[in-house]
Amino acid sequence: MKIKRYFWITILTITALLVAILPGKTQQSTSSNTLFQTSTISALAVGVFDGNTNFKQLKKSGDFGLGTVNSLDGEMIGLDGKFYQIRADGVASLLPDSMTSPFASVTFFKPQTLINLEGQINYQQLQQSLDQRLLSKNYPYAIRIQGNFPYLKFRSLPKQTPPYRPLAEALKEQSIFELRNVNGTLVGFRTPKYMQGVNVNGYHFHFITANRKTGGHLLDGQFQNAKVELDTLSKVEINLPKTAEFDQADLGDSKPTKINRVER
Ligand SMILES: [Zn+2]
């Protein structure tokens, strides 16, 4: 009788310990295969630049991603669980957990597919080649390209002050950078056409150098024997801002082609 009681006490103790330990061990609140995003690209396009989700929260939904920072203060890139801000001067720095983002897309990156693109191609050819090889265009994809790049052209944005202007206006002050023969990582997403207005339709990449000193939003490039890693995502979670700014934004008239022109 006594042994049986000790047995059950032991089982209960182990269960209680596991319950106490496990949630602490898994910080993820979002499962893999999920594209988690905060706000929408149509809201960013009309000037909803106040961040609504901080990086502590974003890290619970992904270790990999891109977007921007509160007040459109530069470009954001996340990889290996670290999130960087690249300001308009091109300088990259680690983002504090307390900083917020008005638009970000993140996922827990688990590549399942590797596509080798032989030879030297430009950014447009890279997008076309990938489109030809994707098994389906109806899922969002997270994409990573690491290595040496013969040429990359990227941009960053200057911090805005309220009242905010539309994104296209703010982009007139963008800084453009060009690097040749550079080592680093491109973090990107491809979202299906039916997600227009929610995310950037098609390909969207941000870059950071291997030494994590500079980078930005990819505008153009040359790719040599690019190794493209893909993660097919089958769930989408959107955290819409509960702010007056988002409340009152006119998103009924979002023009996807206009968004694509500024964001791609
Ligand atoms: Zn971007």
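Described in the following lines is the structure provided in the data block. (Residues numbered from 1 in each chain as written. Predicted model: local features only at pLDDT ≥ 70, side-chain atom pairs only at ≥ 80, totals over all residues. Heavy atoms only, no water.)

Thoughts on the overall build of the chain
Point 1. Helix and strand counts for the chain stand at 7 helices and 14 strands.
Point 2. In the chain, which comprises 264 residues, the proportion classed as buried is 48%.
Point 3. Across the chain, every contact between residues at least 6 apart in sequence was considered, and the portion connecting residues at least 24 apart equals 79%. (Helix = DSSP H or I, 4+ residues; strand = E, 2+ residues; numbered from the N terminus. Buried < 20%, exposed > 50% of the residue type's maximum accessible area, 1.4 Å probe, protein only. Contact = heavy atoms within 4.5 Å.)

Topic: the coordination of the zinc ion
Point 1. Ligation of the zinc ion by protein atoms is provided by His-204 (NE2), His-206 (NE2) and His-217 (ND1), these donors lying 2.1 Å from the ion.
Point 2. Within one chain, the residues serving as donors to the zinc ion are arranged as H-x1-H-x10-H. Here His-217 lies in strand β13 (residues 215-232) and His-206 lies in strand β12 (residues 202-209), a separation of 11 residues in the sequence. The exposure classification of His-206 matches that of His-217, with both residues buried. (Donors = N, O, S within 2.8 Å, 3.2 Å for Na, K, Ca; no water.)

Some details on the sheet that holds strand β14 (residues 235-239)
Point 1. Pairing within the open sheet is mixed, and its 7 strands lie in the order β6-β5-β4-β3-β8-β1-β14. Lying at the two open borders of the sheet, with one neighbouring strand each, are β6 (92-94) and β14. Strand-to-strand twist of the sheet, defined as the mean angle between neighbouring strand axes without regard to direction, takes the value 20 degrees. (Pairing = 2+ DSSP bridges. Axes fitted to C-alpha atoms, helices over the stretch in contact; angles between N-to-C directions.)

With respect to the nonpolar core
Grouped burial of nonpolar side chains is what soluble globular proteins tend to show.
Point 1. Of all hydrophobic cores here, the largest spans 24 residues; its most connected members are Leu-126, Ile-145, Phe-205, Phe-223 and Val-228.
Point 2. Among the elements of the structure, β9 (113-122), α4 (123-133), β10 (141-156), β11 (175-191), β12 and β13 are those that each provide at least two residues to this core.
Point 3. The greatest single-element share of this core, amounting to 6 residues, is contributed by β10.
Point 4. Counting 15 residues, the second largest nonpolar core, distinct from the first, contains Leu-35, Phe-64, Ile-77 and Val-187. (Core = buried A, V, L, I, M, F, W, Y, C linked by side-chain atoms within 4.5 Å.)

Regarding the pattern of salt bridges
Point 1. A complete count under the given rule lists 7 salt bridges for this structure.
Point 2. Ionic pairing is found between Asp-97 and Lys-59, a salt bridge with its closest N-O pair at 2.6 Å. Here Asp-97 is found in the loop between β6 and β7 (100-101), whereas its partner Lys-59 is found in helix α3 (residues 55-59), with 38 residues between them in sequence.
Point 3. Asp-97 sits in the partly exposed class, given a relative accessible area of 34%.
Point 4. Its salt-bridge partner being Asp-73, residue Arg-87 comes within 3.1 Å of it at the nearest N-O pair. Placement of the pair is Arg-87 in the loop between β5 (82-86) and β6 and Asp-73 in the loop between β3 (64-68) and β4 (75-79), with a sequence separation of 14 residues.
Point 5. Residue classification places Asp-73 among the buried residues on the basis of a relative accessible area of 8%. (Salt bridge = Lys/Arg side-chain N within 4 Å of Asp/Glu carboxyl O.)

Keep in mind these numbers describe shape, not what the thing actually does.
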